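Structural overview
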Amino acid sequence: MDTGIRGRKALVCAASKGLGRACARALAREGVSLTICARGAAALETAAAEIRAESGVEVLTVVADLSTAEGRAAVLATCPDPDIVINNNGGPPTGDFRKFTREDWLHALDMNMLTPIELIKATIDGMVARRFGRIVNITSGAVKAPMPQFDLSNGARAGLTGFIGGLARQVAQHNVTLNNLLPGLFNTDRMANAFPTIAKSRGISTEQVIAERLQNIPAGRLGDTAEFGDACAFLCSAQAGYITGQNLLLDGGAYRGLL
Ligand code: NAP
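The following refers to the structure shown. Keep in mind that this is a model prediction, so the values were computed, not measured.

Conventions and cut-offs
- Residues numbered from 1 in each chain as written.
- Predicted model: local features only at pLDDT ≥ 70, side-chain atom pairs only at ≥ 80, totals over all residues.
- Heavy atoms only, no water.
- Helix = DSSP H or I, 4+ residues; strand = E, 2+ residues; numbered from the N terminus.
- Rg over C-alpha atoms; globule rule 2.2 N^0.38 Å.
- Buried < 20%, exposed > 50% of the residue type's maximum accessible area, 1.4 Å probe, protein only.
- Contact = heavy atoms within 4.5 Å.
- Lys, Arg positive; Asp, Glu negative; His and termini not counted.
- Charge placed at Lys NZ, Arg CZ, Asp CG, Glu CD.
- Polar contact = N/O pair within 3.5 Å; in protein donor to acceptor, adjacent residues only side chain to side chain.
- Salt bridge = Lys/Arg side-chain N within 4 Å of Asp/Glu carboxyl O.
- Expected span 1.5 Å × (residues − 1).
- Arc of directions from axis to C-beta.

Another point: the overall build of the protein chain. Helix and strand content of the protein chain: 8 helices and 7 strands. In terms of overall size, the protein chain behaves like a compact globule, its C-alpha atoms giving a radius of gyration of 18 Å where 259 residues would be expected to give roughly 18 Å. When burial is assessed residue by residue, the protein chain has 45% of its 259 residues classed as buried. Intrachain contacts of the protein chain at a sequence separation of at least 6 include 74% that bridge at least 24 residues. Positive and negative charge centroids in the protein chain, built from 26 and 24 side chains respectively, lie 3 Å apart.

So, on to the side chain of Ser237. Here Ser237 is to be found in the loop between helix H8 (225–235) and strand E7 (247–250). Among the polar contacts made by the side chain of Ser237, one reaches the main-chain amide nitrogen of Ala240 at a distance of 3.2 Å. Those residues in contact with Ser237 that sit more than four places away from it in its chain are Thr3, Ile5 and Arg134.

Tallying each qualifying case throughout the model produces 10 salt bridges. A salt bridge links Lys9 to Asp81, with the shortest nitrogen-to-oxygen separation between them at 2.8 Å. Here Asp81 lies in the loop between helix H3 (69–78) and strand E4 (84–87) and Lys9 lies in strand E1 (residues 9–12), a separation of 72 residues in the sequence. Assessed through its relative accessible area of 32%, Lys9 is described here as partly exposed. The residue Arg202 makes a salt bridge to Glu212 at a minimum N-O spacing of 2.8 Å. Highlighted residues: Arg202 in helix H6 (residues 189–202) and Glu212 in helix H7 (residues 206–215), separated in sequence by 10 residues. Note on Glu212: relative accessible area 33%, which makes it partly exposed. It is possible to trace a salt-bridge network through shared partners that takes in Arg8, Asp83 and Arg130.

Over its 14 residues, H6 runs 21 Å from end to end, which matches the ideal 20 Å to within 8%, given 1.5 Å per residue. Among all positions of H6, only Met191, Phe195 and Ala199 are buried. When H6 is viewed along its axis, its buried side chains cluster within an angular range of 70 degrees and face the same direction. Residues of H6 that are exposed and angled more than 90 degrees away from the buried face: Asn193, Thr197, Lys200 and Ser201. Residues of H6 that are buried make contact with H7. Immediately beyond the C-terminal end of H6, within one or two residues, lies Gly203, with a positive phi of roughly 70 degrees.

In structure tokens, the structure reads:
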């Protein structure tokens, strides 16, 4: 399928690894030129070089911490008028909510709610003027089914989801869409690092932790980041112009509800 976005410009946040990088790769394959960012320069340059080599598109890199005003300004200076914005960021820490301070909450809100809102605020009017815009926010399956110990994520991402639902209806008539992608369990660095930590804290093997998690996933496997990237590219396609304000779960069937 020709997704009709060749030659468009995308800003893909937090894209040196994992789900962000998979979205960047999939968009590049569709002929979209990219600005990608992350805090660590080495992994960012490696990702950019690989994407350029496989797709031939222009890939600009910005070493930036998205949780800071300076980081967001640097990203927007390099890509002031994107047609596509993929909002992504590191996730907040897990743990008992009693241990989280007000500062912990403000940081989580900054990372996973206010930063995407700031980037949308800076770019959406240009999309409206050009009569094309696609904004995809990477949130979490926890938005549909909040998880114990993920309280910072549950709260911050629910706030972003409410904001997006309202805004999507205000710009739909201009061919600007806003949607959220909700990952279940994907095979990223974040997960590769989390499983051994959980195993150690429980005194069991990493394999046991993974086996337990898979029991709750009807697909019987972790998600492949390429599947996530492809879903993102579709939501950014010309054909997806009638899909807006939606929360699309990619979780191998783990969420048991009908809606
Ligand atoms: P990952 O593999 O750890 O990749 C995270 C990416 O974000 C890296 O490129 C990282 O690069 C960048 N990053 C982190 N903090 C940043 C910051 N402050 N400013 C700029 N870039 C930053 O993580 P992932 O698994 O792809 O997860 C992406 C998002 O999806 C997270 O919010 C996570 O909570 C959520 N999620 C993931 C899963 C899953 O199964 N993987 C499930 C549910 C939700 P640097 O460290 O160099 O900055």
